[in-house]
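# Examining the three-dimensional arrangement
As a plain string of letters, each chain reads:
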Amino acid sequence: MANVEPASLSPTDRYRSSNLWLEALRNLLRNPSAILGMGIIGLLVLTALAAPIIATHDPIKTMIGVPGETGRLPSKPPCIPLFGCEDPIHILGLDLNARDLYSRVIYGTRTSLSVGIITISLSIIAGTALGITAGFLGGTVDNVIMRLMDVVLAFPALLLAISIVTILGPGLTNALLGITITFIPQYARLSRASVLSIKEQEFVVAERALGASPLRIVLGHILPNSITPIVVQGTLGVGTAILDAAALSFLGLGAQPPTPEWGQILSESRNYLFTSPHLVFFPGIAIMITVLGFNLLGDGMRDALDPRLNRN
């Protein structure tokens, strides 16, 4: 029994090898949708990192009273030089408070990406820990954790987030916490399902027979073999988290003025859709492109990491 090598007992161990991830990367790079998604996300990340460089104005500073801005009005329409614009200082125009809309949309990339990534990261950590604990220990622990997750899932996600933020108070941090809580059950159920199928595999049984500790089994075998569907779901979830954050900000429960956040920009301008449509159009397009990028990447990762697909 001492000569048994647990890693050779199950084909699922291939998920822990570098060859699997290299093959998944090759499959991902052969997927046009995934490439487009990575391109969109890469561009958004570069925009967020370079916001102080590419933004033309302070995103929270009003242009009223600024030298050279005399006569400019709030909600000034976009100014595109190629179409005969005489004053190309504000490319996307000004918002209702005479702030540069282009700079606010650019800086909003930072806020929205940060909220989406941080929210999903925290949800994955908490949900995976709960799911693995429930699936590995079973019994009463499993019942208590999963019934609690069922209670959270019984509420519509956005409604639950609104309730949490209403109790804690408006603000971006509380919105992030509320959205995180609504996502935890998804990853808990997903990781628990993976654990239940993996912990009875031969290589896990062999590890137990060799005297491996539960912590070593979880960290060395169960977690690596269950991470793939969690990563895929997490990639898809970032777009949803950004939408939820924008929805909370639109309702006045998320980012507060003058923070440049896409949902908050939409909230300020919602009553001027017909008189100043550019105030709604540009942040709305930014949200749409961001969600599209993460969804395309998530779909591509799901296909690339699915061993059941025949790509020969």
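Our structure is the block above this text.
Okay, so let's go over this structure. (Residues numbered from 1 in each chain as written. Predicted model: local features only at pLDDT ≥ 70, side-chain atom pairs only at ≥ 80, totals over all residues. Heavy atoms only, no water.)

Regarding its fold elements, the protein presents 11 helices and 0 strands. Going from the N terminus to the C terminus, the protein shows its helices and strands as α-α-α-α-α-α-α-α-α-α-α. Intrachain contacts of the protein at a sequence separation of at least 6 include 72% that bridge at least 24 residues. In the structure as shown, the protein presents an accessible area of about 15,700 Å², 67% of it carried by carbon and sulfur atoms. (Helix = DSSP H or I, 4+ residues; strand = E, 2+ residues; numbered from the N terminus. Contact = heavy atoms within 4.5 Å. Areas by Shrake-Rupley, 256 points an atom, 1.4 Å probe, with all protein chains shown as cover.)

Aromatic rings considered in pairs are described by the distance between their centres and by the relative angle of their planes. Scanning all chains against the criterion turns up 1 aromatic pair. When the centroid spacing of 5.3 Å and the interplanar angle of 80° are considered together, the rings of Phe 281 and Phe 282 count as edge-to-face. Take Phe 281: its relative accessible area is 47%, and that puts it in the partly exposed class. Cation over ring: Arg 270 sits above Phe 250, and NZ or CZ is 5.5 Å from the ring centre. (Phe/Tyr/Trp six-rings, centres within 6.5 Å; stacked < 30°, edge-to-face > 60°. Buried < 20%, exposed > 50% of the residue type's maximum accessible area, 1.4 Å probe, protein only. Lys NZ or Arg CZ within 6 Å of the ring centre and 35° of its normal.)

Applying the stated criterion across every chain, the model contains 7 salt bridges. The closest approach of N and O atoms between Asp 95 and Arg 99, which form a salt bridge, is 3.0 Å. Of the two residues examined, Asp 95 and Arg 99, each falls in the buried class. A salt bridge links Arg 192 to Asp 142, with the shortest nitrogen-to-oxygen separation between them at 2.8 Å. Taken together, the positions of Arg 192 in helix H7 (residues 172-198) and Asp 142 in helix H5 (residues 139-153) put the pair 50 residues apart, joining distant regions of the chain. Look at Asp 142 and you get buried, because its relative accessible area is 10%. Among the ionic contacts, a cluster of salt bridges with common partners joins Asp 95, Arg 99, Arg 104 and Glu 268. (Salt bridge = Lys/Arg side-chain N within 4 Å of Asp/Glu carboxyl O.)

Below, the discussion takes up a nonpolar patch on the surface. Where nonpolar side chains cluster on the molecular surface, the patch consists of Leu 25, Leu 29 and Ile 35 and spans about 260 Å² of accessible area. Tracing the backbone through its elements, the reader meets Leu 25 in helix H1 (residues 18-29). According to the relative accessible area criterion, Leu 25 is partly exposed, its value standing at 44%. (Patch = residues over 30% accessible without salt bridge, like charges linked within 9 Å, V, L, I, M, F, W, Y side chains within 5 Å.)

Below, the discussion takes up the side chain of Arg 99. Among the secondary structure elements, Arg 99 is positioned in the loop between helix H3 (51-54) and helix H4 (101-137). In this structure Arg 99 comes out as buried when scored by relative accessible area, which is 5%. Contact partners of Arg 99, with chain neighbours within four places excluded, come to Pro 59, Ile 60, Lys 61, Thr 62, Gly 93, Leu 94, Arg 104, Pro 258 and Glu 268.

So, about the side chain of Asn 31. Mapped onto the elements of the fold, Asn 31 is located in the loop between H1 and helix H2 (32-49). Note on Asn 31: relative accessible area 15%, which makes it buried. Those residues in contact with Asn 31 that sit more than four places away from it in its chain are Gly 300 and Asp 303.

Take H7 next. A rise of 1.5 Å per residue sets the reference length of H7, with its 27 residues, at 39 Å; its end C-alpha atoms lie 38 Å apart and thus fit the reference within 8%. A maximum bend of about 30° is found in H7 at Phe 183, where proline Pro 185 lies one to four positions downstream. (Expected span 1.5 Å × (residues − 1). Bend = angle between axes of the 7 residues up to and from the residue.)

Now for unusual backbone geometry. With omega at 5°, the peptide bond leading from Pro 257 into Pro 258 counts as cis. Within the secondary structure layout, Pro 258 lies in the loop between helix H9 (214-250) and helix H10 (262-269).

Looking now at the packing of H9 against H10. Contact pair H9 / H10: the axes reach a minimum separation of 7 Å and the direction vectors enclose 35°. In this structure, H9 crosses over H10, and the sense of that crossing is right-handed. Between H9 and H10, the residues in contact are Ala 246, Ser 249 and Phe 250 and Gly 263, Gln 264, Leu 266 and Ser 267, respectively. Its residues placed into classes, the contact of H9 with H10 shows 3 nonpolar, 4 polar and no charged. (Axes fitted to C-alpha atoms, helices over the stretch in contact; angles between N-to-C directions. Left-handed = near helix turned anticlockwise from the far one by under 90°. Nonpolar A, V, L, I, M, F, W, Y, C, P; charged D, E, K, R; others polar.)

We now examine the environment of Leu 305. As for its position among the elements, Leu 305 is in the segment after helix H11 (278-304). Judged by relative accessible area, Leu 305 falls into the buried class, the value being 10%. In this structure, the C-alpha to C-alpha distance between Leu 305 and Thr 228, residues 77 residues apart in sequence, is 7.0 Å.

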